[in-house]
Amino acid sequence: DSGVTQTPKHLITATGQRVTLRCSPRSGDLSVYWYQQSLDQGLQFLIQYYNGEERAKGNILERFSAQQFPDLHSELNLSSLELGDSALYFCASSVATGLAYNEQFFGPGTRLTVL
Amino acid sequence: AQKVTQAQTEISVVEKEDVTLDCVYETRDTTYYLFWYKQPPSGELVFLIRRNSFDEQNEISGRYSWNFQKSTSSFNFTITASQVVDSAVYFCALSVLYTGNQFYFGTGTSLTVIP
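Description of the structure in this document. Small disclaimer: the values here were computed from a predicted structure and weren't measured.

1. Structural notes on the overall build of chain A
- Helix and strand counts for chain A stand at zero helices and eleven strands.
- In terms of C-alpha radius of gyration, chain A reaches 13 Å, essentially the compact-globule figure of 13 Å for 115 residues.
- Taken along the three principal axes of its C-alpha coordinates, chain A extends 40 × 30 × 25 Å.
- Within chain A, buried positions represent 55% of all 115 residues.
- Looking at chain A alone, contacts between residues at least 24 apart form 55% of all its contacts between residues at least 6 apart.

2. With respect to unusual backbone geometry
- The step from T7 of chain A to P8 of chain A runs through a cis peptide bond, and the omega angle for that step is -10°.
- Along the chain, P8 of chain A falls in the loop between β1 (5-7) and β2 (10-13).
- A positive phi angle, close to 85°, is found at K16 of chain B, a residue other than glycine.
- With respect to the element layout, K16 of chain B can be found in the loop between β2 (10-14) and β3 (19-21).

3. Some remarks on the interface of chain B and chain A
- Listed as interface residues are 18 residues of chain B and, on the opposing side, 23 residues of chain A.
- Three residues, E44, L45 and N101 of chain B, lead the burial of chain B against chain A; their summed loss comes to 33% of the area buried on that side.
- Summed over the shared surface of chain B and chain A, the result is one salt bridge.
- Counting across the interface, chain B meets chain A through five residue pairs in polar contact (both at pLDDT 80 or more).
- Mapped onto the side of chain B that touches chain A, the elements with two or more residues apiece are β5 (32-39), β6 (46-52), β10 (88-96) and β11 (98-101) of chain B.
- The element best represented in the side of chain B that touches chain A is β5 of chain B, accounting for four residues.

4. As for the pairing of strand β8 (residues 74-78) of chain A
- Burial of β8 of chain A is extensive: five of the five residues sit out of reach of the surface.
- Linking two consecutive strands that pair antiparallel, namely strand β7 (residues 64-68) of chain A and β8 of chain A, is a turn of five residues; a positive phi of about 80° is found at L72 of chain A within it.

5. What to know about the environment of E75 of chain A
Residue and element names in this part refer to chain A.
- Structurally, E75 is set in strand β8.
- Exposure remark for E75: the relative accessible area of 18% places this residue in the buried category.
- For E75 and F45, which are 30 residues apart along the polypeptide, the C-alpha to C-alpha distance reads 15 Å.
- A polar atom in the side chain of E75 sits 3.4 Å from the side chain of H73.

6. Let's talk about the nonpolar core
All names here are of chain B.
- Counting residues in each nonpolar core, the largest one holds 24 residues, and the members touching the most others are W36, F77, Y90 and L111.
- If you list the elements that add at least two residues to this core, you get β2, β3, β5, β8 (64-69), β9 (74-79), β10 and β13 (109-114).
- Sorting elements by how many residues they give to this core places β10 first, with five residues.
- Sequence-distant contacts of F77, that is, excluding residues within four places in its chain, are made with V19, T20, L21, W36, L48, Y64, S65, W66 and Y90.

7. Focus on the sheet that holds β8 of chain A
All names here are of chain A.
- Taking strand neighbours across the sheet as the criterion, the four strands line up as β1-β3-β8-β7 in an open arrangement whose pairing is antiparallel. Either end of the sheet is taken by a strand with one partner, and the two such strands are β1 and β7. Strand-to-strand twist across the sheet, computed as the mean angle between neighbouring axes with direction ignored, equals 15°.
- Where β7 meets β8, five bridges bridge the pair, whose relative direction is antiparallel. Residue S65 lies in a different strand from β8, and its bridge partner there is N77.

The rules behind each value
The residue numbering used here restarts from 1 in each chain and proceeds along that chain's sequence as written. Here chains are named by letter from A upward and ligands by number from 1 upward, in the order in which they appear as written. Restriction of local features to residues with pLDDT of at least 70 applies here, the model being predicted, together with a cutoff of 80 or more for giving and counting side-chain atom pairs; totals for whole chains, interfaces and linings are based on all residues. Hydrogens and waters are ignored; side-chain quantities use all the structure's heavy atoms. Strands are runs of DSSP state E lasting at least 2 residues, helices are runs of H or I lasting at least 4, and numbering of each runs from the N terminus. Here the globule rule is a power law, 2.2 Å times the number of residues to the power 0.38, and the radius of gyration is based on C-alpha atoms. Think of it in three bands: residues with accessible area under 20% of the maximum for their type are buried, residues over 50% are exposed, and the middle band is partly exposed, with areas taken using a 1.4 Å probe on protein chains only. The contact criterion used is simple: two residues touch if any of their non-hydrogen atoms lie within 4.5 Å. By buried area we mean the combined loss of accessible area, with a 1.4 Å probe, across both parts when two parts are placed together. Each reported salt bridge corresponds to a side-chain nitrogen of Lys or Arg within 4 Å of a carboxyl oxygen of Asp or Glu. Here a polar contact is recorded for every N or O atom pair within 3.5 Å, except that within protein the pair must consist of a potential hydrogen donor and a potential acceptor, and residues adjacent in sequence are included only if both atoms are side-chain atoms. Any two strands with at least two DSSP bridges between them are considered paired. Buried residues of nine kinds, namely Ala, Val, Leu, Ile, Met, Phe, Trp, Tyr and Cys, make up a nonpolar core once their side-chain atoms join them within 4.5 Å. Every axis corresponds to a line fitted to the C-alpha atoms, with the helix fit spanning only the stretch in contact, and the corresponding angles, defined between N-to-C directions, vary from 0 to 180 degrees.

Now the structure itself:
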């Protein structure tokens, strides 16, 4: 158990809908990262937050947004969902400094299915 | 730009055989970090090892060993005397000091250990 929690574990929804994925980092970790894992794209970095502020952005669509709250949990919002958004979404956290050498600890993921 | 290549998509070995998973990376930065993660069938990503670009010393941890060679930009992972529990997808990842802590993942190698 990495100490990172994600809810829900599974999510099934329809095209055009909006969903919110939630992540709680390990105790003491200030950095939160979101990744998308799909068969065709592999594991892709979406976005990073550090202590409530956006720190880095990857291949995140404009339909997607995220935020990190004062209690350090993070939410990833996916809107106007398309079939291609079906994927496993991981949240990861790292120790306070969030520097490149810190290993990231991954949550169990949220499997999103868009029908 | 950063890139990680895991050319081996799938590998099957018989239990107790040794197996090496290849990882080749590309980066122009001189300070970078390499990681290996294991993704068992349960789906969670498990951290295995971190190596920084200034430390080419090979590492052994039980049946696992890692060979880092800057001359060939490779960071290969060997499992000795493989076991069925080693069956998983293994990911190599790269992070670079000046782009925050985002990981660039390879496409993964699916290892099946046959009893």
